[in-house]
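Reading the structure
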Amino acid sequence: MSIDSTSVRNLEIIEPFHSNLLGTTNKKRSLFHMLKTTKTTGGTRLLRANLLQPLKDITTINTRLDCLDELMSNEQLFFGLSQALRKFPKETDRVLCHFCFKPKKVTNEVAGADNARRSQVLISSIILLKTALDALPLLSKALKDAKSFLLANVYKTISENEKYFSIRKRVGEVIDEDVLHARAPFIARTQQCFAVKAGIDGLLDIARRTFCDTSEAIHNLANKYREEFKLPNLKLPFNNRQGFYFSIPQKDIQGKLPSKFIQVLKHGNNIHCSTLELASLNVRNKSAAAECYIRTEVCLEALLNSIREDVSALTLLAEVLCLLDMIINSFAYTISTKPVDRYTRPEFTSSGPLAIDAGRHPILESIHDDYVPNNIFMSEASNMVIVMGPNMSGKSTYLQQVCLIVILAQIGCYVPARFSTIRVVDRIFTRMGSVDNLESNSSTFMTEMKETAFIMQNVSQRSLVLMDELGRATSSSDGFAIAWSCCEHLLSLKAYSIFATHMENLSELATIYPNVRIVHFHVDIKSNRLDFKFQLEDGSRHVPHYGLLLAEVAGLPRSVIETARRITSKIMEKQIKKMEVNCTQYHKLQMVYRVAQRLICLNLSPDVTPLQFQQGSGNNSVTKGRREIWFETQVELIARQHIQIYCCKDFKVRSISF
Ligand SMILES: Nc1ncnc2c1ncn2[C@@H]1O[C@H](COP(=O)(O)OP(=O)(O)OP(=O)(O)O)[C@@H](O)[C@H]1O
């Protein structure tokens, strides 16, 4: 699925739009932040790539979901795999893919200090490779009894591929068994200097001795200063840029620091400094380490060449680890931290409805304890929903919620809903918010129109289009005309579109086009105050002067509000009458159409057979084979009668009586 950059921003997929949410100090998180519990950089990168480009292939999505099902039902497997993955270094994928590139051959003329850094990276990669290969047996053990296709396949890849064992053996022939991957800079430097077994290269052994001597001399120097200057708390930290330096608590320094100490810097409650002796030892220590790296790289040449031959196995392993990290540490972990059954497995069709029962906004629901769930039902026969309601009633949130649920579903994760079935979306388009774009010299309206034009030019039959308050940035008549004609354009396609609007006249679309459904957010008015329920209800409902009520709350002068109230009541009077007439006239037609549409869904529903229809006093049993003929002849007949549909909570029509 592709999502354009504006929609990525509007939907807050990677970055949140506003860092502060309605005056709270809570930093509102994006979907990426919510799921970013991955443990490796590769896993995080894969998660980001998936969120920006979710899957479209139903089989692949279901393979991931099957794997999640197994993880959610088998605690031992879930924890076993989490433990095993923790043993792999954070940067495993980068390291494993590092061996794809063949570095320049080390010759005497290039073997200068400049190459020391490159050699160091290479040695660090070999140490990480050894750590990763050492962790493989634990991962295989955890995966041994896995049943789902994805996990069983990973197990086969890891345990049946002899290449991993042979690479580990070859690494063991050159690299010391005691060498470990370390994060602390000086320990890492020591481990890298001593990576290759002793006795392989005489010059390397000499360089190591110099490295040890200078390191020891630095520690002796620190001891000497502790005694000489009565600084018992003097510490000797190390970083890669500076090398060793002294850190002395400020309270230990009575008066001035002795003149021997140079490069004095205040750092919190400590003083960081050096001396000329330390600086010179640092240089010698660094050059001894550089010599070790370069000699080590020469020793590793044959090993690297042999590893390079099996690089396909390593890149495969890197991919597998990223995928496992994403599914286990991100998806499964996120779901397991929610109360049971809060997240459910979505279902997919290629041309069925988009139905979400009790869906919730994945990010807002963790901020609001009393978040109100809402439904959506769209099918090819009802491909546009117009959401109405006062400001602050939850329209934009609802639009964002539907999209985020679709994205979560299509990356192969459970979704925050009681039930969901999704028609696979190939593109998501959104038009939300309205800000000037000074960079592209566009006004609010121009930005809005450019974004709308982009949608109209690129929308496809399988797209999901979200429009939040289209046409509000220009004159009301032109804005309304644009919104109306955009709706008409989208209605002619099979794309699913959701419009949020304040233009009550737009609800008249439903009187002309039966595939438009109007819904509104329920709001009560109590003593001139709006009481938001955040509950979506069918049809449109006129809430008188909600803009004025909110403006009053915002602090507009009373006299201004009163004048505005007089003006608006005159304008609205005529319009409401007209709308009421239209609604009553077309209500029956709407009912009929909705029934026909449900019947089509029933016809498409794969697991409802045979169906029981009760007509009058007799019972007709319609079997699967005759269903299509029956539908063609009966839909019209049904539509003319009083109809009642019993629809179970998962949106599959089970029984119809008329
Ligand atoms: N279902 C819900 N349950 C609880 N709170 C909600 C729900 N939906 C929205 N809210 C809260 O209401 C606030 C306002 O929602 P939102 O911005 O979606 O309103 P809106 O109708 O789009 O307003 P406007 O028309 O002014 O843009 C949100 O920031 C959120 O805190």
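Residues numbered from 1 in each chain as written. Predicted model: local features only at pLDDT ≥ 70, side-chain atom pairs only at ≥ 80, totals over all residues. Heavy atoms only, no water.

The name an unreviewed UniProt entry gives the protein chain is MUTS PROTEIN-like protein 4, with Salix viminalis as the organism. Turning to the protein chain, the UniProt record has this under Sequence similarities (unreviewed entry): "Belongs to the DNA mismatch repair MutS family." (UniProt positions renumbered as here; feature names shortened; annotations may be inferred.)

1. Some points on the sheet that holds strand S4 (residues 246-249)
Read from one edge of the open sheet, three strands run S4-S6-S5, paired in antiparallel fashion. In the strand order of this sheet, the two ends are held by S4 and strand S5 (262-267), each with one partner. Taken over all neighbouring pairs, the strand axes of this sheet differ in orientation by 25° on average, direction set aside. The pairing of S4 with strand S6 (residues 270-274) spans four bridges and is classified as antiparallel. Bridging from a neighbouring strand, Phe246 pairs with Cys273 of S6. (Pairing = 2+ DSSP bridges. Helix = DSSP H or I, 4+ residues; strand = E, 2+ residues; numbered from the N terminus. Axes fitted to C-alpha atoms, helices over the stretch in contact; angles between N-to-C directions.)

2. Details of the packing of helix H11 (residues 202-228) against helix H12 (residues 276-309)
Running from amino to carboxyl end, H11 crosses H12 at an angle of 155°, the nearest separation of the two axes being 8 Å. Judged by the angle between their axes, H11 and H12 are roughly antiparallel. As for the relative orientation of H11 and H12, their crossing is left-handed in sense. (Parallel < 35°, antiparallel > 145°, perpendicular 65-115°, else oblique. Left-handed = near helix turned anticlockwise from the far one by under 90°.)

3. Observations regarding the domain arrangement of the protein chain
Parsing the protein chain into structural domains produces domain 1 (51-201 + 290-336), domain 2 (206-286), domain 3 (347-556) and domain 4 (577-656). Computed over C-alpha atoms, the centres of domain 1 and domain 2 are 37 Å apart. With 13 residues of domain 1 in contact, the opposing surface of domain 2 contributes ten residues. Summing the contributions of domain 1 and of domain 2, the shared interface buries around 1,100 Å²; its carbon and sulfur component is 66%. Of all residues in domain 1, the largest losses of buried area upon contact with domain 2 belong to Phe186, Arg189 and Phe194, amounting jointly to 52% of the total for that side. (Domains from an automatic or database assignment. Contact = heavy atoms within 4.5 Å. Buried area = accessible area lost by both parts, 1.4 Å probe.)

4. Quick look at the packing of helix H10 (residues 185-193) against H11
Packing of H10 against H11 brings their axes to within 11 Å, and their N-to-C directions diverge by 155°. As judged from the angle between their axes, H10 and H11 are roughly antiparallel. The two elements H10 and H11 meet at a crossing, and its hand is left-handed. Contact with H10, carried on its side by Phe186, Arg189, Thr190 and Cys193, involves Leu204, Arg208, Phe211 and Ser215 of H11 and no other residues of that element.

5. Concerning the nonpolar core
Judged by nonpolar contacts, the single largest core of 138 residues is most densely connected at Leu71, Leu139, Leu151, Phe246 and Leu354. At 14 residues, the largest contribution of residues to this core is made by helix H13 (residues 311-336). The residues touching Leu354, leaving out its near neighbours within four places in the chain, are Ile376, Phe377, Met378, Val402, Val406, Thr421, Ile422, Arg423, Leu464 and Tyr496. Core analysis: the second largest hydrophobic core is formed by 26 residues, Met456, Val459, Leu470 and Leu509 among them. (Core = buried A, V, L, I, M, F, W, Y, C linked by side-chain atoms within 4.5 Å. Buried < 20%, exposed > 50% of the residue type's maximum accessible area, 1.4 Å probe, protein only.)

6. Topic: the environment of Leu68
In this structure, Leu68 sits in helix H4 (residues 58-73). On the basis of relative accessible area, Leu68 is assigned to the buried category, the value being 0%. Each C-alpha atom of the pair Leu68 and Leu151 lies 9.9 Å from the other, and the pair is 83 residues apart in sequence. Apart from the residues within four sequence positions on either side, Leu68 is in contact with Ile327, Phe331, Ala332, Ile335, Gly412, Cys413 and Tyr414.

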